[in-house]
Amino acid sequence: MEWGFSTRAQCRVATIARHISPALCSAPNPFMMGTQAIVDGGIQIRADVRDALERGFPVVALESTIISHGMPYPQNFETAKEVESIVRDSGAVPATIAILDGAPCIGLEEAELKKLAQLGKKAIKTSRRDIAHVIAKQATGATTVSATMFFAAKVGISVFVTGGIGGVHRDGEITMDVSSDLTELGRTAVTVVCAGVKSILDIPRTLEFLETQGVTVIGYGTDEFPAFFTPRSGCKAPTRVNTAEECAAITVANMNMGLQSGILVGVPIPAHYAAAAEPVEIAIQTSLKEIKDKNITGAAVTPFVLNRVNELTGGASLSASILS
């Protein structure tokens, strides 16, 4: 497989095996009491995911935008399969979430994963804002963090693993460009495990915004919140935990108190896999200037920047993205 891909993809999601335990997401699931009504309402739940939810077994939600928009084919397809495999090996059931031909799907078959990977950017990048539109058009949508959280919570999945979350864009105090990932974390009680806030964003302002939203932000095994491509951001994590059991205890307390807000757990990419921080930062600054020159705005910003940073770093940022 190209450039030792299987090994790299496995490293990318090894954090799931290390940091997500069944205790985090196995519990009696009151949501599934009304599963038939939910399915009749248009949400399709793959059989093994439904069975695990009904039995209170651990299920881990996975987003689909990273498949269609995050990396090229076939790396995206191979990574998606490796992620699901690692989740299974860790004792949980993977539930990749997407909207296929207008039907929200909780858990995808391999053929559906491949179709989504091959569609690439032809699949609509779907945040919470876009859900109704994509369903009404009977279109295919790849769910972002916010949409994935929404559907996960709707069927009672309490843990979601992704690469990096969105945040406040640089110059966000002028543009007001703030990812819906952050507002979703403020109103949806799902624990999101990630490699941090993408370093193309304004990380200090993102953390401030999360505080305003009442989101518990955790550094796993680190006092510094990670920056997706690199393990360090220069920003202190508000809370630190060192074990999955500590994460589970916080998740349970959040649910018991009915806080109705999410938890964000930042797990740093291993240092030996991280892209060198200085070249990435130089590439980010270059791509941000190009955005202004080309007048690129809204949902097109992040894909453009990530693609340009990958080009300018000679693929180092893509490798870090796969491994994070």
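Parameters and conventions
- Residues numbered from 1 in each chain as written.
- Predicted model: local features only at pLDDT ≥ 70, side-chain atom pairs only at ≥ 80, totals over all residues.
- Heavy atoms only, no water.
- Helix = DSSP H or I, 4+ residues; strand = E, 2+ residues; numbered from the N terminus.
- Buried < 20%, exposed > 50% of the residue type's maximum accessible area, 1.4 Å probe, protein only.
- Contact = heavy atoms within 4.5 Å.
- Areas by Shrake-Rupley, 256 points an atom, 1.4 Å probe, with all protein chains shown as cover.
- Polar contact = N/O pair within 3.5 Å; in protein donor to acceptor, adjacent residues only side chain to side chain.

A. Layout of the overall build of the protein. For the protein, the count of helices and strands is 16 helices and 11 strands. Here the protein holds 324 residues, and 56% of them are scored as buried. Long-range pairs, those at least 24 residues apart, make up 74% of the contacts in the protein with a sequence separation of at least 6. Accessible surface, the protein: about 13700 Å² in total, of which carbon and sulfur atoms supply 54%.

B. Expanded view of helix H11 (residues 180-187). Among the residues of H11, Asp181, Leu182, Glu184, Leu185 and Gly186 are the ones counted as buried. Here the buried face of H11 lies against helix H9 (145-155), strand E8 (191-194), helix H12 (203-212) and strand E11 (263-266).

C. Representation of the side chain of Ser179 within the structure. Along the polypeptide, Ser179 turns up in the loop between helix H10 (172-175) and H11. Take Ser179: its relative accessible area is 17%, and that puts it in the buried class. At 3.0 Å, the side chain of Ser179 forms a polar contact with the backbone nitrogen of Asp181. Setting aside chain neighbours within four positions, we find Ser179 in contact with Gly166 and Gly167.

D. Structural view of the environment of Glu311. Here Glu311 is to be found in helix H15 (residues 301-312). Residue classification places Glu311 among the partly exposed positions, given a relative accessible area of 44%. Sequence-wise, Glu311 and Ala283 are 28 residues apart; in three dimensions their C-alpha atoms are separated by 8.7 Å.

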